[in-house]
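Architecture and fold: a report
This is what each chain is made of:
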Amino acid sequence: KTTLFNVISGVYPPTEGSIHFQGRDVSGLPPERLARMGLARTFQNTRLFGSMTVFENVLVVRHRAGLGLRYSAAEQRRTLEILDFVGLAEVAGQGAASLPQGLRRLLEIAKVLALDPQIVLLDEPHGGLNHAETARLVEVIAQMHRRGLTILLIEHEMEVVMRLAQAITVLNFGEVLADGSPAVIQRNEAVIAAYLGCATSTPESASPATQSTPRTKPARPDLLQIRDLSVRFGDIEAVRNVSLDVRDGEIVALLGNNGAGKSTTLKAICRLVPAQSGTVTFDGHALLRQPTERLVGLGVALVPERRRLFGGLTVIENLKTGAYGRPAAEIDVRIEEVFDLFSNLRRLSKSLAFSLSGGEQQMLAIGRALMARPRLLLLDEPSLGLAPLIVRQIFQAIRALNHETGLTVLLVEQNAYQALRLAHRGYVLVNGAITMAGSGAELLARPEIRAAYLEGGH
């Protein structure tokens, strides 16, 4: 899907075939020419000018598109109109880098609207958003359509698709699998099988694992202990006095809305961001005293949010970076172990990472971390932007690793249902502080969890 967007928007030239826009063959035209013609797009990963304000991010697009002088009064008024339309006028003077994910997505759309486009390509716009943020984004997109914009949308979340789309085309392995109205697509058995991996669309069959929430494991020693951890970014306290334990052999979920401090907690464990106070102890080692590069040798590996692969390296080369410095024979054995876990990667071993699908990239990111044979795997949003079938495969692989090898996992996951069905225990972060803790089953059953994180379906 994203490859198709990249071809339409001029990022890649087509190998065969043609693309017509406004009755003109635009195949192979560069992105900037297409943007000036009225074809604009967003990307899966937000691409903002972090050193600029929200206002400047939109204004610079107006200027670079040749639509007016950057500092003219008319262009500044138009910029404010666009920000007001998407609901960002109140934060116009705020730095773009400080925005939570939901507002970053809206700013991406504001930048697209600054081009005065005729057609907008939206690539997974709701990825990583909670229910409230998704609802707000959907309303903005619906308003764009009501104002006459043509929209081509890539989206995995079926509620979003059914709310917005008038026509749907389903791709599978690069080919059109089905085409039709939402009602027709919902009943298409081939689509259901490809999307969910089964011929039924009930919530239970679409769950990430076929087993129920695992029972609490017998008492084992704590492998990871966090005590009173706090992280600040300027005046913002992102993590406040967080204390949690991860026992040897457990899967522990860390839940919370965007901006709650989940990813920051993982980064602090790995010393990717500095902790203001507190302690992090792994297997007796004080991690906050260790340089980041030593953590892998101690047995800690991070799979970062949005994968962070080396796009210009092959699958094999990416995997080898995860076992840097190991003997060649040992690396070959570990690569085979990853291929046994994720069979798709074997046939793609010589493909460049940037050419893989989102699900294949996530498998590769996990495989790269496993190359170090860690005792503790830190997983940051592994289901982000993936179809239910792929999510289920990845979560089943995580469960198998935990059962068969005893791998300990600390999981950050936006989808509470998926995380709590997989986890033995969980913690809930709100505004940087832990507000709830318990077994996966206990947290799933709590009405406040269901209201905050599970409303709208699984």
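Preceding this section is the structure that the text describes.
Residues numbered from 1 in each chain as written. Predicted model: local features only at pLDDT ≥ 70, side-chain atom pairs only at ≥ 80, totals over all residues. Heavy atoms only, no water.

**Focus on the pattern of salt bridges**
The line we're drawing: A pairing counts as a salt bridge when a side-chain nitrogen of Lys or Arg comes within 4 Å of a carboxyl oxygen of Asp or Glu. The secondary structure listing takes helices from DSSP runs of H or I that are at least 4 residues long and strands from runs of E that are at least 2 residues long, numbered from the N terminus. Residue exposure (1.4 Å probe, protein chains only): buried if accessible area is under 20% of the type maximum, exposed if over 50%, otherwise partly exposed.
Under the criterion given, the structure shown has 19 salt bridges. The salt bridge partner of Glu108 is Lys111, with a shortest N-O separation of 3.6 Å. On the criterion of helical spacing, the pair formed by Glu108 and Lys111 is a turn pair, its members being three residues apart in helix α5 (residues 101–113). Lys111 sits in the buried class, given a relative accessible area of 12%. Note that Arg247 and Glu250 form a salt bridge whose closest N and O atoms lie 3.3 Å from each other. By relative accessible area, which is 26% here, Arg247 ends up partly exposed. Through salt bridges with shared partners, a single ionic network connects Arg62, Glu75, Arg78, Glu81 and Asp116.

**Notes on the packing of aromatic side chains**
Note the threshold: A pair of aromatic rings is counted whenever rings of Phe, Tyr or Trp (Trp by its six-membered ring) have centres within 6.5 Å, and the orientation is called stacked for planes under 30 degrees apart, edge-to-face for over 60 and tilted otherwise. Whether a charge sits over a ring comes down to the Lys NZ or Arg CZ being within 6 Å of the ring centre and within 35 degrees of the ring normal.
According to the stated counting rule, one finds one aromatic pair in the structure shown. When the centroid spacing of 6.2 Å and the interplanar angle of 55° are considered together, the rings of Tyr12 and Phe354 count as tilted. Taken together, the residues span a long stretch of sequence, with Tyr12 in the loop between α1 (2–8) and β1 (20–21) and Phe354 in the loop between α14 (343–347) and α15 (358–370) at a distance of 342 residues. Relative accessible area serves as the criterion here: at 26%, Tyr12 is assigned to the partly exposed category. Over the ring of Phe43 we find Arg41; its NZ or CZ atom is 3.9 Å from the centre of that ring. Arg47 extends its terminal NZ or CZ atom over the ring of Phe43, reaching a point 4.0 Å from the ring centre.

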